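Observations on the model geometry
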Amino acid sequence: TVAQLSSHFRRDSQTAYAFSNMIMSQTATPVRRTEVPGGSEVLDLGPDVAGSGKNEDLYIFTLEHITLKKGQRMVVPVAEYKLKYRDVFILDLPFGPPPEVRHRFNNDQQAKLAQLYHAPKVMHKIRLDNNAKCPLTTAPALILRQGRVIAQGMMTYTAVGASSDLELTTAVDIAVEKLDRETDRIPNAAKWDGYTYARCNLTGTIHLTNRRTETVDLEIRRSVLGHIDSATHKGAIEHLGRHEGEWMTSNGLPFWWHWYNWPHWWYHFNAVGRVTWKYELEPGKSAELEYKWHYFWRQ
């Protein structure tokens, strides 16, 4: 058995990358006959991973004195910690295409956008503070309360002293209504490269109602295409650069972005604006968050 397994742990084998914190699909490995080295040759059993601790970007847990007979199965607790957590309710409202772009999409594309932005929902998450001696590694998570399963999620790597969010479910008891409207359009508001551009001014509102029986800590993030001018309730405003930043990466761009051939002047005038609120909403109460922004469009 050792001779058959040793080849899988060689540095040049296809399974050498298995000692990492990423999740792998479990597939059966075909058994192959391997000649056991004879004479004075030493059998290579792969790198020594004994001892628990951090090794570069890996963290290896070692369990000692484990014996398992052929055909037996065993569930072994690797580690157990008591961690502090708190409930957070997160609403993320991504930016959509402006109407000048949206009307160029076909019917199927219009339907996909309508499905994406139709009914925004607040997500209930728990925020874990890792005060243990070991990091929390990436793995599926099963969340129980009073012995009953309430959710399944994915735990991401969390270093010692850091915190991470674990998604539970949609907070159906927190109602959300979002409304954006164009307030006015100023023609000939800017001139560049021989062309004139109109300025489109817009106002958006987010209406929230807490129908739960306890106060909730809300974190709301609204992103728009353009520049945000103001936000109520002490909303934190930031603008992502046109040349760098998370929204210009392959993971930051929405799926519909490449449906339209964006002209060079769009990047010259516009960026991505973002407002973030942290709001404590009591049971039975409502709140209305307002923000104003603008973008430029060539006439």
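Figured I'd write up the structure that's included with this text. This is a predicted model, so every value here is computed, not measured. As a convention, each chain's residues are numbered from 1 in the sequence order in which they are written. At least 70 in pLDDT is required for a residue's local features to be given in this predicted model, at least 80 for side-chain atom pairs to be given and counted, and no such filter applies to totals for whole chains, interfaces and linings, which use all residues. Side-chain numbers come from the whole structure's heavy atoms, not from hydrogens or water.

**A look at the overall build of the protein**
So the rule is basically this: Segments assigned H or I by DSSP are reported as helices when at least four residues long, segments assigned E as strands when at least two residues long, and all are numbered from the N terminus. Note on exposure labels: buried denotes an accessible area under 20% of the residue type's maximum, exposed denotes more than 50%, and partly exposed covers the range between, all computed with a 1.4 Å probe on protein chains only. Here a residue-residue contact requires only that any non-hydrogen atoms of the pair lie within 4.5 Å. To be clear on the numbers: accessible area is Shrake-Rupley with a 1.4 Å probe, and residue cover counts the displayed protein chains and nothing else.
Scanning the protein from terminus to terminus reveals 4 helices and 14 strands. Residue burial in the protein is summarised as follows: out of 299 residues, 32% are buried. Counted over contacts in the protein with a minimum sequence separation of 6, partners at least 24 positions apart contribute 74%. If you sum the accessible surface of the protein, you get close to 20,400 Å²; carbon and sulfur atoms cover 49% of it.

**Examining the sheet that holds strand S14 (residues 286-298)**
Basically, it comes down to this: Strand pairing is assigned whenever DSSP identifies at least 2 bridges connecting the two strands. Fitting a line to C-alpha atoms yields each axis, with helices limited to the stretch in contact; the angle taken between N-to-C directions then spans 0 to 180 degrees.
Ordered in space as S8-S9-S14-S11, the 4 strands form an open sheet in which the pairing is antiparallel. Of all strands in the sheet, those with a lone pairing partner are strand S8 (174-192) and strand S11 (227-231), marking the two edges. Ignoring strand direction, the axes of neighbouring strands in this sheet form an average angle of 20 degrees. Examined bridge by bridge, S11 and S14 share 4 bridges and lie antiparallel to one another. Opposite Ile-228, over in S14, you have Trp-293 as the bridge partner.

**A look at the side chain of Lys-125**
To keep it simple, the criterion reads: Positive charge is attributed to Lys and Arg, negative charge to Asp and Glu, and no charge count is given to His or to the chain ends. Salt bridges are defined as contacts in which a side-chain nitrogen from Lys or Arg sits within 4 Å of a carboxyl oxygen from Asp or Glu.
Following the sequence through the fold, Lys-125 ends up in strand S4 (residues 123-129). Although Lys-125 is buried, it forms no salt bridge, and the closest oppositely charged side chain is Glu-167 at an N-O distance of 4.3 Å. Not counting residues up to four positions away in its chain, the partners in contact with Lys-125 are Arg-86, Asp-87, Val-88, Ile-90, Asp-165, Leu-166, Glu-167 and Leu-168.

**Focus on the sheet that holds strand S3 (residues 84-93)**
Taking strand neighbours across the sheet as the criterion, the 6 strands line up as S7-S4-S3-S10-S13-S12 in an open arrangement whose pairing is mixed. Two strands in the sheet have a free side with no partner beyond their single neighbour: strand S7 (163-170) and strand S12 (236-240). Direction aside, neighbouring strands of the sheet carry axes that sit 25 degrees apart on average. Direction of pairing for S3 relative to S4: antiparallel, over a ladder of 7 bridges. When the sheet's bridge partners are listed, Arg-86 is paired in S4 with Arg-127.

**Observations concerning the packing of aromatic side chains**
Aromatic ring pairs are reported here in terms of the distance separating the ring centres and the angle at which the planes meet. Applicable threshold: Any two rings among Phe, Tyr and Trp, with Trp reduced to its six-membered ring, count as a pair given centres within 6.5 Å; such a pair is stacked if its planes are under 30 degrees apart, edge-to-face if over 60, and tilted if neither.
All chains considered together, the criterion is met by 18 aromatic pairs. Between Phe-95 and Trp-256, the aromatic rings sit 6.0 Å apart at their centres with planes inclined by 90 degrees, giving edge-to-face as the arrangement. Of this pair, Phe-95 sits in the loop between S3 and helix H2 (99-102) while Trp-256 sits in the loop between S12 and helix H4 (264-269), and the two are 161 residues apart along the sequence. Neither residue differs from the other here; Phe-95 and Trp-256 are each classed as buried. Ring geometry for Trp-266 versus Trp-297: centroids 6.1 Å apart, planes at 70 degrees, classification edge-to-face. Highlighted residues: Trp-266 in helix H4 and Trp-297 in strand S14, separated in sequence by 31 residues. The same class applies to Trp-266 and to Trp-297, which are both buried.

**Structural notes on the side chain of His-294**
Keep this limit in mind: Polar contacts, as used here, are pairs of N or O atoms within 3.5 Å; protein pairs need one atom able to donate a hydrogen and one able to accept it. Residues neighboring in sequence count only if both atoms are side-chain atoms.
Here His-294 is to be found in strand S14. Polar contacts involving the side chain of His-294 include one to the side chain of Arg-199, which spans 3.3 Å. Side-chain polar atoms of His-294 contact the side chain of Asp-229, separated by 3.0 Å. Apart from residues no more than four positions distant in its own chain, His-294 is found in contact with Arg-199, Cys-200, Asn-201, Leu-202, Gly-226, His-227 and Asp-229.

**Some thoughts on the pairing of S8**
In terms of strand pairing, S8 meets strand S9 (residues 195-210) through 15 bridges, oriented antiparallel. Counterpart to Ala-175 in the pairing with S9 is Thr-209. Counting the residues between successive antiparallel strands, the hairpin from S8 to S9 contains 2 residues, one of them, Asp-193, with a positive phi of roughly 60 degrees.

**Considerations on the nonpolar core**
What counts, and what does not: Buried residues of nine kinds, namely Ala, Val, Leu, Ile, Met, Phe, Trp, Tyr and Cys, make up a nonpolar core once their side-chain atoms join them within 4.5 Å.
Within the largest apolar cluster, 43 residues are counted, with the highest numbers of intra-cluster contacts made by Ile-206, Leu-208 and Leu-218. Secondary-structure elements contributing two or more residues to this core are S3, S8, S9, strand S10 (216-225), H4, strand S13 (272-281) and S14. Considering each element in turn, this core owes the most residues, 7 residues, to S14. Setting aside residues up to four positions removed in sequence, Ile-206 forms contacts with Leu-91, Leu-93, Val-176, Glu-177, Ile-220, Arg-222, Trp-277, Ala-287, Glu-288, Leu-289 and Tyr-291. Among the nonpolar cores identified, the runner-up in size contains 9 residues, and Leu-128, Leu-136, Ala-151 and Leu-168 belong to it.

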